[in-house]
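These are the residues of each chain, in order.
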Number of protein chains: 2
Amino acid sequence: MKVLFVFAHPEKTSFNHSLLDAAVKHLEAQGNEVKVSDLYNMNWKSNVDEEDFLNHEKGSRLKVAEASFIANAGNKLTDDVVEEQEKLKWADTVIFQFPVWWFSMPAILKGWFDRVFACGFAYGVGVHDETHYGDRYGEGTMEGKRAFCMVTTGGSNDHYSKRGINGSIDDILFPINHGMLFYPGFTVLPPVVTYRTDSKREEVYANAEKAVLERMDNLSTVEPINYRKQNFGDYNIPEMTLKEGLEQPGQTHFDIHIKKD
Amino acid sequence: MKVLFVFAHPEKTSFNHSLLDAAVKHLEAQGNEVKVSDLYNMNWKSNVDEEDFLNHEKGSRLKVAEASFIANAGNKLTDDVVEEQEKLKWADTVIFQFPVWWFSMPAILKGWFDRVFACGFAYGVGVHDETHYGDRYGEGTMEGKRAFCMVTTGGSNDHYSKRGINGSIDDILFPINHGMLFYPGFTVLPPVVTYRTDSKREEVYANAEKAVLERMDNLSTVEPINYRKQNFGDYNIPEMTLKEGLEQPGQTHFDIHIKKD
């Protein structure tokens, strides 16, 4: 397999970096090819601005999606972005590894998505009209590739449980799993989550590494999250609302977008 | 009133910036004091790293929460972060204005939260033990202040409706409204959302500005989102799970954390 890690933690001796090292070593020992985008180490530029679009006239009005589309189509994105897009094309499996900060990803990783997921590459793909609103949510550039999140949290699993005060981890990660990974076509595997990494580090680490290595062994067999594809009859067009009656009794909120039989 | 805008858009002639200008002008005309943190204009540093903590020994292991706590307690955060914290202390109303990119905020704004919301300032406040897990979710440094999001989206309101393929806008914004604003103690007002800003700009803009100015007139009277406070009996401690039977029939997922009578 060809596995790309997109990794976001500032500290080389961190809990997260140790997990990364263990995962990479394990995969390579089994003959897989691995690439790592260690965003802090790369000094990744996070903030979208006019410098990102080499054919944008400096100082003229920047319409981000339009400038992104034109630059992507004309091969005028910056080298750092193009390199990441090439890694994505190369990989069959992409792992986004980060600590959950403020119920989302660190800014440096958000900036990776904001810049690498260009218009025409990860969104704005395919026809957009009254009968077809893009090749997205199950189709697109990343179709046929797997992706998932490997995350750590300070809070406990109770805090992120179904009735937990933070909201459930599945709901917290939905805008990422569904909105950022399934959207450009990835097949999305369930996340690997380690809770309470700030306490009892040794004990928590041992279990976390075990879970991570187990996932590395099962990349090709673990069951994906069964998100409903946009363009195969489940959604009204052009409203893009789920047709009535498709969900199971009791399915509500984000959950209705997962097909359960 | 004392109103702080934290604004994240790279373009001075953008839809968002026009709304900002209109809102600021309107508030000032009525005698309110206004400050604007225009993050792109400030060239805001987004990425948390060891440079953020002036008493952190360079090259030694960086444990982010710990380093943040020590720097915050010892007045060793960087000037840019301290200035933002001072603005927050000054304000009675804070408005986070941004375009929704990938179902969240632009990286530059996420980096504002990651850095300004230091440990001991916005989290890690109060006692953390088996009987009290911090002054958070309704208590904390921001208690008594209002905050809300003013956002724009490319997709239509249907796409963000209850059955919309993106997930509902309320669920998409929950990790921000509840996890980033209610958490440090803000009273959270409903968001002001403008959909489909990329199409029919003139028409959409006129309605958007009207909605924004109406909100500016009603900052002190609009009904907040009635999130349940953590430490007033609704949650089991230390699990921090909502006690059984408190939600209304049909309330599930994020929604159970909103008290409805």
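Residues numbered from 1 in each chain as written. Chains lettered and ligands numbered in written order. Predicted model: local features only at pLDDT ≥ 70, side-chain atom pairs only at ≥ 80, totals over all residues. Heavy atoms only, no water.

All names here are of chain B. Inspection of the secondary structure assignment puts Glu-139 in the loop between helix 4 (107–116) and strand 4 (146–152). One buried charged side chain, Glu-139, makes no salt bridge at all; its nearest oppositely charged neighbour is Lys-229, positioned 7.2 Å away. For Glu-139, the side chain forms a polar contact with the side chain of Asn-231, separated by 2.7 Å. (Helix = DSSP H or I, 4+ residues; strand = E, 2+ residues; numbered from the N terminus. Buried < 20%, exposed > 50% of the residue type's maximum accessible area, 1.4 Å probe, protein only. Lys, Arg positive; Asp, Glu negative; His and termini not counted. Salt bridge = Lys/Arg side-chain N within 4 Å of Asp/Glu carboxyl O. Polar contact = N/O pair within 3.5 Å; in protein donor to acceptor, adjacent residues only side chain to side chain.)

All names here are of chain A. Taken as a whole, this structure holds 24 salt bridges over all chains when the rule is applied. A salt bridge links Arg-115 to Asp-80, with the nearest nitrogen and oxygen atoms 3.1 Å apart. You can see Arg-115 sitting in helix 4 (residues 107–116) and its partner Asp-80 sitting in helix 3 (residues 79–90), a full 35 residues away along the chain. By relative accessible area, which is 5% here, Arg-115 ends up buried. Judged by its relative accessible area of 26%, Asp-80 falls in the partly exposed class. Asp-114 is the partner of Lys-110 in a salt bridge, and the nearest nitrogen-oxygen pair spans 2.7 Å. Here the residue Lys-110 and the residue Asp-114 both occupy positions in helix 4, the gap between them amounting to four residues, near one helical turn. Grouping residues by exposure puts Lys-110 and Asp-114 together as buried.

Quick look at the packing of helix 3 (residues 79–90) of chain B against helix 4 of chain B now. Residue and element names in this part refer to chain B. Contact geometry for helix 3 and helix 4: axes closest at 10 Å, N-to-C directions at 90°. Relative to helix 4, helix 3 is oriented roughly perpendicular. Here helix 3 contributes Asp-80, Val-81, Glu-84, Gln-85 and Leu-88 to the contact with helix 4, which in turn contributes Trp-112, Arg-115 and Val-116. Residue classes in the contact of helix 3 with helix 4 are distributed as four nonpolar, one polar and three charged. (Axes fitted to C-alpha atoms, helices over the stretch in contact; angles between N-to-C directions. Parallel < 35°, antiparallel > 145°, perpendicular 65-115°, else oblique. Contact = heavy atoms within 4.5 Å. Nonpolar A, V, L, I, M, F, W, Y, C, P; charged D, E, K, R; others polar.)

A grouping of A:Asp129, A:Glu130, A:Glu239 and B:Asp158 is seen on the molecular surface, where their side chains present a negatively charged patch. You can see A:Asp129 is positioned in the loop between helix 4 and strand 4 (146–152). By relative accessible area, A:Asp129 is classed as partly exposed at 36%. (Patch = residues over 30% accessible without salt bridge, like charges linked within 9 Å, V, L, I, M, F, W, Y side chains within 5 Å. Areas by Shrake-Rupley, 256 points an atom, 1.4 Å probe, with all protein chains shown as cover. Charge placed at Lys NZ, Arg CZ, Asp CG, Glu CD.)

Turning next to the nonpolar core. A:Trp112 and B:Trp112 are the most contacted members of the largest nonpolar core, which totals 122 residues. Leaving out residues up to four positions away in the same chain, A:Trp112 has contacts with A:Val6, A:Leu39, A:Trp44, A:Glu84, A:Leu88, A:Phe96 and A:Phe117. (Core = buried A, V, L, I, M, F, W, Y, C linked by side-chain atoms within 4.5 Å.)

Let's shift gears to the packing of aromatic side chains. Aromatic rings in a pair are described by how distant their centres are and how their planes are angled relative to each other. Under the criterion given, the structure shown has 35 aromatic pairs over all chains. Ring centres of A:Phe103 and A:Tyr160 lie 6.2 Å apart, and the angle between their planes is 55°; on these two criteria the pair is classed as tilted. Taken together, the residues A:Phe103 in the loop between strand 3 (93–99) and helix 4 and A:Tyr160 in the loop between strand 4 and helix 5 (169–182) connect sequence positions 57 residues apart. Grouping residues by exposure puts A:Phe103 and A:Tyr160 together as buried. Between B:Tyr160 and B:Tyr195, the aromatic rings sit 5.9 Å apart at their centres with planes inclined by 40°, giving tilted as the arrangement. Residue B:Tyr160 is located in the loop between strand 4 and helix 5 (169–182), and its partner B:Tyr195 is located in the loop between strand 6 (192–194) and helix 6 (201–217); the two are separated by 35 residues in the primary sequence. Owing to a relative accessible area of 7%, B:Tyr160 belongs among the buried residues under this scheme. Using a relative accessible area of 21% as the deciding quantity, one classes B:Tyr195 as partly exposed. Over the aromatic face of A:Phe232 sits the side chain of A:Lys229, whose NZ or CZ is 5.6 Å from the ring centroid. (Phe/Tyr/Trp six-rings, centres within 6.5 Å; stacked < 30°, edge-to-face > 60°. Lys NZ or Arg CZ within 6 Å of the ring centre and 35° of its normal.)

Attention now moves to the packing of helix 1 (residues 15–29) of chain B against helix 6 of chain B. Residues and elements named next belong to chain B. In the contact formed by helix 1 and helix 6, the axes pass within 10 Å of each other and the chain directions differ by 35°. As for how helix 1 packs across helix 6, the hand of that crossing is right-handed. Contacts between helix 1 and helix 6 involve Phe-15, Ser-18, Leu-19, Ala-22, Ala-23, His-26 and Leu-27 from the former and Arg-201, Val-204, Tyr-205, Ala-208, Glu-209, Val-212, Leu-213, Met-216 and Asp-217 from the latter. In terms of residue class, the contact of helix 1 with helix 6 is made up of 11 nonpolar, two polar and three charged. (Left-handed = near helix turned anticlockwise from the far one by under 90°.)

UniProt's entry tags residues 1–214 of chain A with the feature "domain: Flavodoxin-like fold" (unreviewed entry), counted in the numbering of this structure. Along residues 1–214 of chain A, the helical share is 35% and the strand share 14%, with 16 Å between the first and last C-alpha atoms. (UniProt positions renumbered as here; feature names shortened; annotations may be inferred.)

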